[in-house]
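Chain residues, written in single-letter form:
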Amino acid sequence: MNGDPMSSDSAHFTVLQRALHWLMAIGILAMLFIGVGMVSTVAPKYLPLVETHKTLGIAILVLALFRLAVRFIYGSPPLPASMPAPMKLAAHLSHYGLYALMIGMPLIGWAMLSAGAYPVVLYGGIRLPAILPQSDQLHALLWQAHVYLAFAFFALILMHLAAGLFHALIRRDGVFESMSPLPAGTRPETTPAE
Amino acid sequence: MAQSPRPTSRAAIGSLVLIAGVVAVGAGAFAYTGGFLSPERLTPPKLVAALAPPGGPALGHRRNHAKGICFTGVFRSNGQGAALSRAPMLAVGDYPVVGRFNLGTPDPSAPDATVRVRGLGLQITAGGQVWRAAMIDPPFFPVATPDAFYALLEAGHSKQPDAMKNFVAAHPELPAFGAWAGSAPYMASYAEDQFNSLNAFIFTDAAGAAHAVRWSYKPEAQPQPLSKDDFAKLGPDHLETEIAERVAGAPQRWTLVLTVAEPGDPTADPSKAWPEGRRTVEAGTLVVEKVEDERDGPCRDINFDPTLLPDGISVSDDPFPAARSAAYARSYNLRTAEWKDYPYQAPAGAAPQAKQP
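Residues numbered from 1 in each chain as written. Chains lettered and ligands numbered in written order. Predicted model: local features only at pLDDT ≥ 70, side-chain atom pairs only at ≥ 80, totals over all residues.

As annotated in an unreviewed UniProt entry, chain B is Catalase-related peroxidase from Ancylobacter defluvii. Taken verbatim from the UniProt record of chain B, the Function (unreviewed entry) comment is "Has an organic peroxide-dependent peroxidase activity." Heading Cofactor (unreviewed entry) of the UniProt record for chain B holds this comment: "heme". (UniProt positions renumbered as here; feature names shortened; annotations may be inferred.)

As recorded in an unreviewed UniProt entry, chain A goes by the name Cytochrome b, listed as coming from Ancylobacter defluvii. Recorded in UniProt under Subcellular location (unreviewed entry), the annotation for chain A is "Cell membrane". UniProt annotates chain A under Sequence similarities (unreviewed entry) with the comment "Belongs to the cytochrome b561 family."

Rendered as structure tokens:
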């Protein structure tokens, strides 16, 4: 599935995929911390936090859709044959969950504001249309989904981080290196002979 | 896939401890950011909970200013406000309005005369943008900061005999409000009340110049000031029936007066009125054309969050609009989640008890 201009080799995600992964890791972590922080304060910072949350959320939605397309085109390196089947299943399921949340959470937030008859205004005065009509019941459902899924998202990210470190430090099976922020080829054993 | 040698079991245990530590730090930072480790932090849930009467909040209703009635109409802008702000609703024109007259009480069935503060929620729509505002009729706010407002609510609920005395000692701004509350007449109609922003906002004109502004909607109707007792004789729900009848007879009008701060005026403290003689601009007329019951009215589902502003108006250094936005959102989230408890009217088309043939 590999073989694109920016790629390295079949053991690694493409450079584009790794750049998206780490950029979005920063964005999503910031998003979750901003979200849980903004709903816990009445201080003046509440307003810029909410505006940043909305803007970053839409940015993450756009990046996640782009990343999903990139994933369909370039695929992913195979998991090592040494990985037990349940661990592979957990890896696959957690990645479905992460993609679902990366795309779903911004849509739920946008829909929640729409159902609450709020204007959706991003940084710089960018105005987005409502994607749902006003509805108390939908607003309530979407609000609760947004809150509970945010905690689930953060828990999933902690598990993902723990699993990544587990691969890097203990299994040492190349899974972490496949998404490593360092360019492929810095490791001596994978440096192509020139 | 490049495989490295597996670590020794000792190193593996060390790595597991490291991973657990990373996860724990991440979870801890998240909990700290969310205030779960800081019970003293003033959060929107705490502030909103403090508004509730001793018997608990009225489920499905706004957590404050719970008694109200909807209206629609237009804002007829004369264009004078454009000197201060490029907001589209301050250019000459008629712009649709939805709003809500209300009483500052958490009890949706409180008798009118038991409530001292009256409010006006307003949304003006122009050019795809909205200007939402929630104003009240006192000339200034009781306290200077959101923290003091929370402390005031807490002192009001406190069983300590000295709680309010101690609060006043620490908040010398409060007695002025007490004096207003004790002496201001009760108007016989919402149409006779003046509603004030109290908070200062920054108006930005077409040239980019910023002006700190507070505003008022001044009634065109001739006021009939009453004592509290005389007002109480009009009945527990007089204000809603009266405004519905009055508007059915003729549209009611308020003039939007923008007051511009001079350097040094206290923009950050709504408990301090600005001195007399400030430049004012009459920007247009609010025309209330139709009054509707809240239950199926157009204002019911609107959060009159005063930070939902058009281009050309933004918050100032006044800390209240942000706190109000946070608290109003909490109130909106709660009441929409309690939709089962709200007394919606029977949906149109739901037949009344069918007669048995």
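As a further point, take the overall build of chain A. Scanning chain A from N- to C-terminus turns up five helices and two strands. When the helices and strands of chain A are listed from N to C terminus, the series reads α-α-α-β-β-α-α. For chain A, with 194 residues in total, the buried portion stands at 29%. (Helix = DSSP H or I, 4+ residues; strand = E, 2+ residues; numbered from the N terminus. Buried ≥ 20, exposed ≤ 12 C-beta atoms within 10 Å, placed from the backbone.)

So, on to the overall build of chain B. In terms of helices and strands, chain B carries eight helices and 12 strands. Principal-axis analysis of the C-alpha atoms places the extent of chain B at approximately 90 × 75 × 55 Å. Here chain B holds 357 residues, and 40% of them are scored as buried. For chain B, long-range pairs separated by at least 24 residues make up 75% of all intrachain contacts whose partners lie at least 6 apart in sequence. (Contact = placed C-beta atoms within 7 Å.)

Here we come to the interface of chain B and chain A. Interface size is commonly expressed as the accessible surface area that is lost when the partners come together. The interface is formed by 43 residues belonging to chain B together with 41 residues belonging to chain A. Counting residues per element, the ones that place at least two in the side of chain B that touches chain A are helix H1 (9-33), helix H2 (44-50) and helix H8 (320-337) of chain B. Tallied by class, residues from the side of chain B that touches chain A come to 25 nonpolar, 14 polar and four charged. (Nonpolar A, V, L, I, M, F, W, Y, C, P; charged D, E, K, R; others polar.)

With that out of the way, let us pick up helix H4 (residues 136-171) of chain A. For H4 of chain A, built from 36 residues, the straight-helix expectation of 52 Å at 1.5 Å per residue is met to within 8% by its first-to-last C-alpha distance of 50 Å. Considered for burial, the residues of H4 of chain A that qualify are Asp136, His139, Ala140, Leu142, Trp143, Ala150, Phe153, Phe154, His167 and Arg171 of chain A. Tucked inside the fold, the buried residues of H4 of chain A contact helix H1 (15-38), helix H3 (85-115) and helix H5 (175-178) of chain A together with H1 and H8 of chain B. Two residues or fewer after H4 of chain A comes arginine 172 of chain A, characterised by a positive phi angle close to 50 degrees. (Expected span 1.5 Å × (residues − 1).)

A few words on the packing of H4 of chain A against H1 of chain B. Running from amino to carboxyl end, H4 of chain A crosses H1 of chain B at an angle of 160 degrees, the nearest separation of the two axes being 10 Å. Put simply, H4 of chain A runs roughly antiparallel to H1 of chain B. As H4 of chain A runs across H1 of chain B, the sense of the crossing is right-handed. Residues Phe154, Leu158, Leu161, Ala162, Leu165, Phe166, Leu169 and Ile170 of chain A of H4 of chain A form the contact with H1 of chain B, whose participating residues are Ala12, Ser15, Ile19, Val22, Val23, Gly26, Ala27 and Phe30 of chain B. Broken down by class, the residue content of the contact of H4 of chain A with H1 of chain B amounts to 14 nonpolar, two polar and no charged. (Axes fitted to C-alpha atoms, helices over the stretch in contact; angles between N-to-C directions. Parallel < 35°, antiparallel > 145°, perpendicular 65-115°, else oblique. Left-handed = near helix turned anticlockwise from the far one by under 90°.)

This next bit is on the UniProt feature "transmembrane region" (unreviewed entry) in chain A. Residues and elements named next belong to chain A. Following the UniProt record, the feature "transmembrane region" (unreviewed entry) maps to residues 20-43, 55-76, 96-126 and 147-170 here. The span residues 96-126 is 65% helix and 6% strand, and its two end C-alpha atoms sit 31 Å from each other. Summarising residues 147-170: 100% helix, 0% strand, and an end-to-end C-alpha distance of 34 Å.

Residues and elements named next belong to chain B. Here the UniProt feature "binding site: heme" (unreviewed entry) sits at Tyr328. Note on placement: tyrosine 328 falls in helix H8. For tyrosine 328, a count of 26 C-beta atoms within 10 Å puts it in the buried group.

This part is about H1 of chain B. Within an α-helix, residues lying three or four positions from one another point in the same direction, as the helix has 3.6 residues per turn. Along its 25 residues, H1 of chain B runs 36 Å from first to last C-alpha, staying within 8% of the 36 Å computed at 1.5 Å per residue. Once H1 of chain B ends, the next one or two residues include glycine 35 of chain B, with phi positive near 80 degrees.

Looking now at the nonpolar core. Counting residues in each nonpolar core, the largest one holds 96 residues, and the members touching the most others are Val42 of chain A together with Trp131 and Val213 of chain B. Of the residues forming this core, the biggest block, nine residues, is contributed by H3 of chain A. Residue contacts for tryptophan 131 of chain B: discarding those within four places in its chain leaves Ala87, Met89, Ile124, Leu309, Pro310 and Ile313 of chain B. (Core = buried A, V, L, I, M, F, W, Y, C linked by C-beta atoms within 7 Å.)

Residues and elements named next belong to chain B. Among the 11 residues that make up strand S2 (residues 93-103), eight are buried, leaving the element largely enclosed by the rest of the structure. Pairing of S2 with strand S3 (residues 118-126), which is carried by seven bridges, proceeds in the antiparallel orientation. Paired with valine 97 across the bridge in S3 is isoleucine 124. (Pairing = 2+ DSSP bridges.)

Moving on to the packing of H3 of chain A against H4 of chain A. How two helices pack is summed up by the angle between their axes together with the distance between the axes. Residue and element names in this part refer to chain A. Between H3 and H4, whose axes approach to 9 Å, the crossing angle comes to 150 degrees. It follows from the interaxial angle that H3 and H4 lie roughly antiparallel. Here H3 and H4 pass one another in a crossing that is left-handed. For the pair H3 and H4, contact is made by Ser94, Gly97, Leu98, Leu101, Met105, Ile108, Gly109, Ala111, Met112 and Ala115 and by Leu138, His139, Leu142, Trp143, Ala145, His146, Leu149, Ala150, Phe153, Leu156, Met159 and His160, respectively. For the contact of H3 with H4, the per-class residue count stands at 16 nonpolar, six polar and no charged.

The subject of this paragraph is the pairing of strand S1 (residues 67-77) of chain B. Residue and element names in this part refer to chain B. Counting buried positions along S1 gives eight out of 11 residues, so the element sits mostly inside the fold. Alignment of S1 against S2, held across 11 bridges, turns out to be antiparallel. When the sheet's bridge partners are listed, isoleucine 69 is paired in S2 with phenylalanine 101. Both S1 and strand S11 (residues 280-292) contribute to a ladder of eight bridges, which runs antiparallel. Within S11, the position partnered with phenylalanine 71 by the bridge is valine 291.

Notably, arginine 172 of chain A is not glycine yet its phi reads approximately 50 degrees, a positive angle. Take arginine 172 of chain A: it is sitting in the loop between H4 and H5. For arginine 172 of chain A, a count of 18 C-beta atoms within 10 Å corresponds to the partly exposed category. Of note, the phi angle at leucine 198 of chain B is positive, near 60 degrees, even though the residue is not glycine.

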